[in-house]
Amino acid sequence: MKIESLLVQGNSPHNNPYGAIVPPIFLASTYIQPAIGEEQDFAYSRGGNPTRNEVEDLLAQLEDAQYSYAFASGMAATSSVFSLLKQGDKVLLNNNIYGGTFRYLDQLFEQRGLAYQLVENFNQLSEEHFDPAVKLVFIETPSNPLLEVTDIKRICELAHQHGAIVAVDNTFLTAYLQKTLALGADIVTYSATKYLSGHADLIAGAVLTNDQVIGERLKIIQNTLGNILSPFDSYSLIRGIKTLAVRMDRQIENTHKVIAFLHSKAISVNFAGAHSKEEAAIQSAQAKGIGAVISFELPEEYDLAIFIQALKMFPLAVSLGGVESLICHPASMTHESYSKELQEKIGISDRLLRVAVGIEHSEDLITDLAQALVQAKGEK
Ligand SMILES: *Cc1c(COP(=O)(O)O)cnc(C)c1O
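Residues numbered from 1 in each chain as written. Predicted model: local features only at pLDDT ≥ 70, side-chain atom pairs only at ≥ 80, totals over all residues. Heavy atoms only, no water.

Novice: Sorry if this is basic, but what is going on with the site of the ligand here?
Specialist: Looking at the ligand, the residues that line it are S73, G74, M75, Y98, E140, D169, T171, F172, S191, T193, K194 and A204. In the model, an oxygen atom of the ligand is placed 2.9 Å from a nitrogen or oxygen of the S191 side chain. Within the side chain of T193, one N or O atom sits 2.6 Å away from an oxygen atom of the ligand. Summarising the interface, the protein chains cover 93% of the accessible area of the ligand, which totals 380 Å² for the free molecule. Here the ligand is seated within the largest pocket. Grouping the constituent residues of the shell around the ligand by class yields four nonpolar, five polar and three charged. (Near = heavy atom within 4 Å. Polar contact = N/O pair within 3.5 Å; in protein donor to acceptor, adjacent residues only side chain to side chain. Areas by Shrake-Rupley, 256 points an atom, 1.4 Å probe, with all protein chains shown as cover. 1 Å grid on protein atoms, 1.4 Å probe; cavity = no way out; pocket = protein on both sides within 12 Å on 5 of 7 lines; lining within 4 Å. Sits in = over half its atoms within 2 Å of the grid points. Nonpolar A, V, L, I, M, F, W, Y, C, P; charged D, E, K, R; others polar.)

Novice: Please clarify how the sheet that holds strand β11 (residues 352-356) should be interpreted in this entry.
Specialist: Two orientations exist for strands paired in a sheet by backbone hydrogen bonds: parallel and antiparallel. Pairing is antiparallel across the open sheet formed by four strands, whose spatial order is β8-β9-β11-β10. Two strands in the sheet have a free side with no partner beyond their single neighbour: β8 (269-270) and β10 (326-328). Bridging between β10 and β11 involves three bridges; their strand directions are antiparallel. Paired with I327 across the strands is V355, a residue of β11. Helix-sheet contacts for helix α9 (residues 244-264) involve β8 and β9 (293-297), and the interaxial angle to β9 is about 10°. (Pairing = 2+ DSSP bridges. Helix = DSSP H or I, 4+ residues; strand = E, 2+ residues; numbered from the N terminus. Contact = heavy atoms within 4.5 Å. Axes fitted to C-alpha atoms, helices over the stretch in contact; angles between N-to-C directions.)

Novice: Explain the nonpolar core to me, please; I cannot follow it from the model alone.
Specialist: General note: in soluble globular proteins, nonpolar side chains tend to be found buried as a group. Counting residues in hydrophobic clusters, the biggest one holds 39 residues, and the most contacted among them are V55, L59, L62, L196, L208, L237 and I241. Looking at this core, the elements with two or more residues in it are α1 (3-9), α2 (50-63), α6 (174-177), β6 (187-191), β7 (205-209), α8 (231-241) and α9. Sort the elements by how many residues they give to this core and α2 lands first, with five residues. Beyond its immediate stretch of four places on either side in the chain, I241 contacts L7, V55, L58, L59, L62, L196 and R247. (Core = buried A, V, L, I, M, F, W, Y, C linked by side-chain atoms within 4.5 Å. Buried < 20%, exposed > 50% of the residue type's maximum accessible area, 1.4 Å probe, protein only.)

Novice: Before we go on, may I ask you to explain the sheet that holds strand β2 (residues 90-94) in this structure?
Specialist: With mixed pairing, the seven strands of this open sheet are ordered in space as β1-β7-β6-β5-β4-β2-β3. Two strands close off the open sheet at either side, each with one partner strand: β1 (67-71) and β3 (115-119). The sheet shows a mean angle of 20° between the axes of neighbouring strands, direction not considered. As defined by bridge partners, β1 adjoins β7 across five bridges and the pair is classed as antiparallel. Note that in β7 the partner of Y67 across the bridge is T209. Against the sheet, helix α7 (residues 212-225) touches β1, β5 (165-169), β6 and β7, its axis set at about 25° to β1.

Novice: Mind showing me how you'd approach the layout of surface pockets here?
Specialist: The method is simple in principle: a probe with the dimensions of a water molecule rolls over the atoms, and the space it marks as empty is what remains. Approximately 530 Å³ is the volume attributed to the largest pocket. Lining the largest pocket are 33 residues, with Y98, S191, T193, K194 and S319 sitting closest to its centre. Of the residues that constitute the lining of the largest pocket, the class distribution is eleven nonpolar, 15 polar and seven charged. The volume enclosed by the second largest pocket comes to roughly 260 Å³. V81, L84, L85, K86, D89, K135, L136, I165, V213, I214 and R217 are the residues that line the second largest pocket. Residue contributions to the lining of the second largest pocket peak at three residues, all from α7. Grouping the constituent residues of the lining of the second largest pocket by class yields seven nonpolar, no polar and four charged. (Points joined across faces, edges and corners; volume = space filled by probe spheres on them.)

Novice: Looking at this structure, how should I read the packing of α9 against helix α13 (residues 362-378)?
Specialist: Packed helix pairs are characterised by how far apart their axes lie and by the angle those axes make with each other. Interhelical geometry of α9 versus α13 gives an angle of 30° and a closest axis separation of 10 Å. Classified by the angle their axes make, α9 and α13 are roughly parallel. Crossing geometry of α9 relative to α13 is assigned as right-handed. Packed against α9, whose contacting residues are N254, K257, V258 and F261, the element α13 presents S362, L365, I366, L369, A370 and L373 at the interface. Classifying every residue of the contact of α9 with α13 by side-chain character gives seven nonpolar, two polar and one charged. (Parallel < 35°, antiparallel > 145°, perpendicular 65-115°, else oblique. Left-handed = near helix turned anticlockwise from the far one by under 90°.)

Right under this line is the structure:
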């Protein structure tokens, strides 16, 4: 089956007792054990739950992965990947990453005896970065909020030569657009809160791998930390995933139109592949589309606060990936865990805005942006 079909029919109705077309929600925390010493598929829901199994199995099919775990949030997924590390290990990451991932490095790494290095341009990552302590390279591509693109294949080859594994946070593109395990990554992680669920009504995460050692370890980590996705949310995530392809197609179409409109107003836009010819070539080689998150600096002639207030179709809110368009101010919202100096160094300015484009009619979105620009300029 192609991925568009798997999204919809990946869960077989034959897996449940009545053949219901959608999987049932099994709320039971515990299961009868037939006799002492005899085991069944399920014993206790932290260790395994039939509804969670369904969503884990669906995600595994989308990603062609052997091992798949659904977590209570994207951060639970990321922190479970970091739980694979031992004292003394070091992680390399691109320098603009999800704010919560940065908070983990900033707040918890030192006390856990871990080290990290933020690398300015991952496409220039070289041998010199790999001292023997480097055990994990953590890539977010396109990056957040600047949409810089990293060559996944190249980094994987380099990391593997130096005995490090690679994890990719594929939240922005999903397996529908970018198959990171096939590109050589050892682990793919998700905030399923975003595009996978797609309706801004659920917090979830996932980690997948084809490596047996990592896969078995993650199972122990999930059961031990207990940071599991609930049965109800597992069901909601399955429902969201069914429409991923149609949502994403429309969102990408709208995104191209919004970019063209902003360009027509002489506003330069960050999107996956926008930064250089090299990044554009990498993006088109490793992904099927640019996704639907963009960012731009509002030029000085516009009043930022008035622009935000004037928008009717872009509520000011963190998060992305839902059917509705959103706008956010990374410096004060998603990336406030970065120090001012680091924000400046990376290029997260006070005038940077990030837009997640939804599935509305593109003409309405553009009309709204146009009127807000007029208001923001008029009152300046
Ligand atoms: C939102 C997000 C996360 C964290 O996910 P939660 O579900 O909010 O915990 C991690 N990575 C990226 C790229 C994200 O956008």
